[in-house]
Amino acid sequence: MKAYLVLDLSVNDFAGFKTYIAEIPAFIAKHSGRYIIRGVQPTTIEGDWMPERLVIIEFPERGKAEAFLSDPDIQGLFKLRHATTTSRLLLADGCT
């Protein structure tokens, strides 16, 4: 079953965030992931959720997404994202 990482973020330091933008795609590919939505400004239709930027990454299975999240080589990039953005991240399984 496919799994999806959904990232809602506001960039606070774009100059610092540029390294993350440049380097994260290689790690996504390493774990068989692919972008479904990449940093778009979504339109809120209902409710009070107001993400500034939205990213959705698809993985062929939950284990690949979890391996991506726990990859020791990517932890520095996650720290950089935390330092340069305000973000929310969730992992959701797709439909069978």
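Residues numbered from 1 in each chain as written. Predicted model: local features only at pLDDT ≥ 70, side-chain atom pairs only at ≥ 80, totals over all residues. Heavy atoms only, no water.

K.L.:
Just checking my understanding: could you explain the packing of helix 1 (residues 14-30) against helix 3 (residues 75-84) for this structure?
P.N.:
Two quantities define a packed helix pair, namely the angle between the axes and the distance from one axis to the other. Relative to each other, helix 1 and helix 3 sit at 145°, their axes nearing to 9 Å. The handedness of the crossing between helix 1 and helix 3 comes out as left-handed. Residue-level contacts link G16, F17, T19, Y20, E23, I24 and F27 of helix 1 to L77, F78, L80, R81 and T84 of helix 3. A breakdown of the residues in the contact of helix 1 with helix 3 according to their chemical character gives seven nonpolar, three polar and two charged. (Axes fitted to C-alpha atoms, helices over the stretch in contact; angles between N-to-C directions. Helix = DSSP H or I, 4+ residues; strand = E, 2+ residues; numbered from the N terminus. Left-handed = near helix turned anticlockwise from the far one by under 90°. Contact = heavy atoms within 4.5 Å. Nonpolar A, V, L, I, M, F, W, Y, C, P; charged D, E, K, R; others polar.)

K.L.:
Please explain the pairing of strand 3 (residues 53-59) as it appears in this structure.
P.N.:
The two faces of a sheet get side chains in turn, since along a regular strand they alternate between them. Of all the seven residues making up strand 3, six are buried; the element is thus mostly covered by neighbouring parts of the structure. Pairing geometry for strand 1 (residues 3-11) and strand 3, over seven bridges, is antiparallel. Bridge pairing in strand 3 links L9 to R53. Direction of pairing for strand 2 (residues 34-40) relative to strand 3: antiparallel, over a ladder of five bridges. (Buried < 20%, exposed > 50% of the residue type's maximum accessible area, 1.4 Å probe, protein only. Pairing = 2+ DSSP bridges.)

K.L.:
Sorry, what's going on with unusual backbone geometry here?
P.N.:
When glycine is set aside, most residues are seen to have a negative phi, and most peptide bonds are trans. Look at S32: it is not a glycine, yet its phi comes out positive at around 65°. Along the chain, S32 turns up in the loop between helix 1 and strand 2.

K.L.:
How should the sheet that holds strand 4 (residues 85-93) be read in this particular structure?
P.N.:
Strand pairing in a sheet is mediated by backbone hydrogen bonds. Such pairs are either parallel or antiparallel. Read from one edge to the other, the open sheet built from four strands follows the order 2-3-1-4, with strand pairing classed as antiparallel. Single-partner strands in this sheet number two, and they are strand 2 and strand 4. Each adjacent strand pair in this sheet contributes to an overall mean axis angle of 10°, direction not counted. Here helix 1 sits on the sheet and contacts strand 1, strand 2, strand 3 and strand 4; the angle it forms with strand 2, its principal contact strand, is near 165°. Here helix 3 sits on the sheet and contacts strand 1 and strand 4; the angle it forms with strand 4, its principal contact strand, is near 125°.

K.L.:
Honestly, the nonpolar core in this entry has me stumped. Any pointers?
P.N.:
In a soluble, globular protein the nonpolar side chains are often hidden away together inside. I24, F68 and I74 are the most contacted members of the largest nonpolar core, which totals 17 residues. Those elements that provide at least two residues to this core are strand 1, helix 1, strand 3, helix 2 (62-70) and helix 3. Per-element accounting of this core gives the leading share, five residues, to helix 1. Apart from residues lying up to four places away in sequence, F68 is in contact with L5, I24, F27, I28, H31, F59, I74 and F78. (Core = buried A, V, L, I, M, F, W, Y, C linked by side-chain atoms within 4.5 Å.)

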